[in-house]
Amino acid sequence: HVASSQDKECPTTTGRLVYVDLGANWANTMRLFSDVGPCQRRSPWEVYAFEAVPVIASYVDNFTSWLNGDGPKPVMRVPPSGSSVDLHRFSKRYACHLEPPVSAKRCLKGCKACLYRHLRNALGALEANATLASADLVQQRLRLALQPPTTTLAKKQKARFTFVPAAAGAATGTMEMVWNRMALIHGGATEKQLADRLEAKERGQNPNIFSDAPSERAEVNVVDVATWLAESFAESDYVFLKMDIEGVEFDLMRKLLDLRKLCLVDLLAWQCHAYHGDCAALEADIRRTCPHIDIRSEGGKAAYPGIDRATIREILDESDFLL
């Protein structure tokens, strides 16, 4: 296997540089490979970004075209935030950060409700691109992993970006996804069964917060990411895997373990969701099986930023928004 991603220098290898972004949200982590890990300055990178929420996927698809130099940059109608901390930065332009309960760093319930009032028209205008629902399109884009970028790409740009409009999973198929427009302020959506339980809990704590944002549902494609990784990449490649997939990480990582392909991964940046399983036990299994993997948890001791630096700059640049 390539040298440990914990080394101070990027591993010397003839393999590929691969970044897989599971849960791309508003495209706000698609350039994280430039911020995290020892290979930031190497190229060319291959970026594979997955996002399933239909009304977000349309934006990410256009954003990917722009990153590849194949189209204009899409107008931001919703802040591409990934967390309550990111929202807090943005909320100051409307003084929403002053809504109780007040936090010095996070946009809490009052702040989010305030933002929703200001952004509800922009959120309501979001539309899905029906062509992205095609299972054939998903497979076509997944097959690009069998075609590494050419050396010509390295001279023109740092990465080749591929957007896969699907949810990450451990089996290929479909699932019903649920979201509401208010939660889309920070990309919130999840599988229906789990979402119903979480939404009921949230309503009990604050019954008015979702009153103007009814739930929406759609059947979305699911990709067996474990098998795709195993069939597309080799241990000579440098693989950076980022995951924020609302509990699906348990099934996905267990399948990689079962396939004996987990050690393909060199750098793992993830959010492990304890409501779905034992995060400490899963991490212990990962470390025991593949001790070379550099594990970063958002907000943990070995933290990774919740969104990439390029997105932070764009959030702070008011000219990028049409509200």
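These figures come from a predicted structure and were not determined experimentally. (Residues numbered from 1 in each chain as written. Predicted model: local features only at pLDDT ≥ 70, side-chain atom pairs only at ≥ 80, totals over all residues. Heavy atoms only, no water.)

Sorry if this is basic, but what is going on with helix H9 (residues 279–289) here?
Residues lying three or four places apart along an α-helix face the same way, a consequence of the helix completing one turn every 3.6 residues. Within H9, burial applies to Cys 279, Leu 282, Asp 285 and Ile 286. On an axial view of H9, the arc spanned by its buried residues comes to 130°, and they lie on one face. Exposed residues on H9 whose side chains face more than 90 degrees from its buried face are Ala 280 and Arg 288. Summarising the contacts, the buried residues of H9 are in contact with helix H8 (249–258), strand S9 (265–270) and strand S10 (294–297). For H9, the N-terminal cap is Asp 278; the gap from its side-chain oxygen to the backbone nitrogen of Ala 280 is 3.2 Å. (Buried < 20%, exposed > 50% of the residue type's maximum accessible area, 1.4 Å probe, protein only. Helix = DSSP H or I, 4+ residues; strand = E, 2+ residues; numbered from the N terminus. Arc of directions from axis to C-beta. Contact = heavy atoms within 4.5 Å. Polar contact = N/O pair within 3.5 Å; in protein donor to acceptor, adjacent residues only side chain to side chain.)

Would you mind showing me how to read the state of the cysteines here?
Throughout this description, disulfide means a covalent bond between two cysteine sulfur atoms. Applying the stated rule across the entire model yields four disulfides. Across a sulfur-sulfur distance of 2.0 Å, Cys 263 and Cys 290 are joined as a disulfide pair. On the S-S bond that ties Cys 263 to Cys 290, the torsion sits near -95°, and the link is left-handed. Of the two residues, Cys 263 is situated in the loop between H8 and S9 and Cys 290 in the loop between H9 and S10; the sequence distance between them amounts to 27 residues. (Disulfide = S-S within 2.5 Å.)

Would you explain the packing of aromatic side chains in this entry?
Given two aromatic rings, their pairing is described by the distance between the two centres and the angle made by the two planes. Considering all chains together, one arrives at 13 aromatic pairs under this definition. Through successive ring pairs, a cluster of aromatic residues spans Tyr 19, Phe 33, Trp 45, Phe 161, Tyr 238 and Phe 240. (Phe/Tyr/Trp six-rings, centres within 6.5 Å; stacked < 30°, edge-to-face > 60°.)

What exactly am I supposed to notice about the sheet that holds strand S2 (residues 45–50) here?
Across a sheet, paired strands are connected by hydrogen bonds in the backbone, their directions being either parallel or antiparallel. Spatially, the six strands line up as an open sheet ordered S3-S2-S1-S8-S9-S10, and their pairing is parallel. In this open sheet, the two edge strands, each paired with only one partner strand, are strand S3 (159–164) and S10. The sheet shows a mean angle of 15° between the axes of neighbouring strands, taken without regard to direction. Judged from the six bridges that link them, S2 and S3 form a sheet pairing that is parallel. Opposite Glu 46, over in S3, you have Arg 160 as the bridge partner. Those strands touched by H8 are strand S1 (17–22), strand S8 (238–243) and S9, and its axis lies near 155° from that of S8. (Pairing = 2+ DSSP bridges. Axes fitted to C-alpha atoms, helices over the stretch in contact; angles between N-to-C directions.)

How should I be thinking about unusual backbone geometry in this particular structure?
A cis amide bond links Pro 100 to the next residue, Pro 101, at an omega of -5°. Take Pro 101: it is sitting in the loop between helix H2 (84–91) and helix H3 (109–124). Although it is not a glycine, Asn 25 adopts a positive phi angle of roughly 55°. Tracing the backbone shows Asn 25 in the loop between S1 and S2. Overall, the relative accessible area of 11% leaves Asn 25 in the buried class. Non-glycine residue Ala 27 carries a positive phi angle of around 60°.

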